[in-house]
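Inside the fold
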Amino acid sequence: MNNTISDFILARRSVTAKDLCAPGPSEEQLDIILRSAHRVPDHGKIGPWRFVLFQDDARDRFGKKLARRFVKKNENATEAQIEFERHRFLRAPLVIAVVSSPIDHPKVPEWEQVLSAGAACQNILLASHALGFGAQWLTEWYAFDKYVAKKLKLTSAEKIAGFIYIGSVDKKPDERTRPDLNQRITVYR
Ligand SMILES: Cc1cc2nc3c(=O)[nH]c(=O)nc-3n(C[C@H](O)[C@H](O)[C@H](O)COP(=O)(O)O)c2cc1C
């Protein structure tokens, strides 16, 4: 049976952020990516996620903040490490921070709302790949840093689900080894 969508999902691979380059998605393509992110299963129709976009000079400005924070946390940071932090968001033309924004709800546990934000991340990857871009879902240290959370105006209930790096790719990534599927399946009897 030939099913283009399942073939596409079965061949999907992330592209490492350092291998992404310009151009990034156009306004129209970005709109498709964000609408795809927004179209995920969502118990209670809460929409427990939001997106922060990093493009153009904003990536550089944010990188400077990351570098300052990195130095504060790592007194012995080398010049090369600081430079890497400064350029972190410049690895791709577009970075989307997916923020998990759960609310107190009488019927929908926080866990389900967090999963829904994860689904938004995956839809960003799928839509980006479908449009011919490479993308990678990363958290790295700054997803868990209080100072960075403050700079992104996260509330105390919010967490970073991921920073999704998106850009063009020169070369398709090779397949990677995967966990054994059979060891992860049991049939309940
Ligand atoms: C929530 C989440 C956070 C991740 N954070 C990182 C990370 O910080 N650094 C990293 O190298 N990979 C991270 N990854 C893994 C990559 O996104 C990606 O899955 C991996 O490179 C394998 O690629 P694949 O999508 O082709 O299977 C993360 C994945 C998830 C789901």
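Placed above this text is the structure.
Below you will find a few notes about this structure.

Here we take up the site of the ligand. Residues in close proximity to the ligand include Arg12, Arg13, Ser14, Gln136, Trp137, Leu138, Thr139, Glu140, Arg176 and Arg178, which together make up its full environment. Here a nitrogen atom of the ligand sits 3.1 Å away from a polar atom, N or O, in the side chain of threonine 139. Here an oxygen atom of the ligand sits 2.9 Å away from a polar atom, N or O, in the main chain of glutamate 140. Considered on its own, the ligand offers 630 Å² of accessible surface; in the complex 62% of this is hidden by protein. Along the lines of polarity and charge, the residues of the shell around the ligand split into 2 nonpolar, 3 polar and 5 charged.

The subject of this paragraph is the nonpolar core. Looking at soluble globular proteins, one finds that nonpolar side chains tend to be buried together. The biggest cluster of nonpolar side chains holds 20 residues, and the ones touching the most others in it are Phe54, Phe89, Leu152, Ile160, Phe163 and Tyr165. Only helix H3 (56–73), strand S3 (94–100) and strand S5 (159–169) provide two or more residues apiece to this core. If we ignore the near neighbours within four places in the chain, the residues touching leucine 152 are Arg50, Val52, Phe54, Phe62, Ile160 and Phe163. In terms of nonpolar packing, the next biggest core, distinct from the first, is built from 19 residues, Val40, Leu94, Cys121 and Ile166 among them.

Moving on, we come to the pairing of S3. The side chains of a regular strand alternate between both faces of the sheet. Within S3, 7 of the 7 residues are buried, leaving the element largely enclosed by the surrounding structure. Burial along S3 is two-sided: the face carrying Leu94, Ile96, Val98 and Ser100 and the face carrying Val95, Ala97 and Val99 are both buried. Bridge analysis of strand S2 (residues 49–55) against S3 gives 7 bridges, and the strand direction is antiparallel. Looking at the pairing, tryptophan 49 lines up with serine 100 of S3. With 7 bridges joining them, S3 and S5 adopt antiparallel strand pairing. Looking at the pairing, valine 95 lines up with tyrosine 165 of S5.

Glancing now at the pattern of salt bridges. Tallied over the entire structure, the rule returns 11 salt bridges. Across the pair arginine 35 and aspartate 31 runs a salt bridge, and its minimum N-O distance is 3.0 Å. Of the two residues, arginine 35 and aspartate 31 both sit in helix H2 (residues 27–38), 4 residues apart, roughly one turn of that helix. As a salt-bridge pair, aspartate 60 and lysine 64 come within 3.2 Å of each other at their nearest N and O atoms. Residue aspartate 60 and its partner lysine 64 are both found in helix H3; the two are separated by 4 residues, about one turn of the helix. Given the relative accessible area of 29%, aspartate 60 is considered partly exposed. Ionic contacts of the salt-bridge type, sharing partners, join the residues Glu85, Arg88, Arg91 and Glu140 into one network.

Criteria and thresholds
- Residues numbered from 1 in each chain as written.
- Predicted model: local features only at pLDDT ≥ 70, side-chain atom pairs only at ≥ 80, totals over all residues.
- Heavy atoms only, no water.
- Near = heavy atom within 4 Å.
- Polar contact = N/O pair within 3.5 Å; in protein donor to acceptor, adjacent residues only side chain to side chain.
- Areas by Shrake-Rupley, 256 points an atom, 1.4 Å probe, with all protein chains shown as cover.
- Nonpolar A, V, L, I, M, F, W, Y, C, P; charged D, E, K, R; others polar.
- Core = buried A, V, L, I, M, F, W, Y, C linked by side-chain atoms within 4.5 Å.
- Buried < 20%, exposed > 50% of the residue type's maximum accessible area, 1.4 Å probe, protein only.
- Helix = DSSP H or I, 4+ residues; strand = E, 2+ residues; numbered from the N terminus.
- Contact = heavy atoms within 4.5 Å.
- Pairing = 2+ DSSP bridges.
- Salt bridge = Lys/Arg side-chain N within 4 Å of Asp/Glu carboxyl O.

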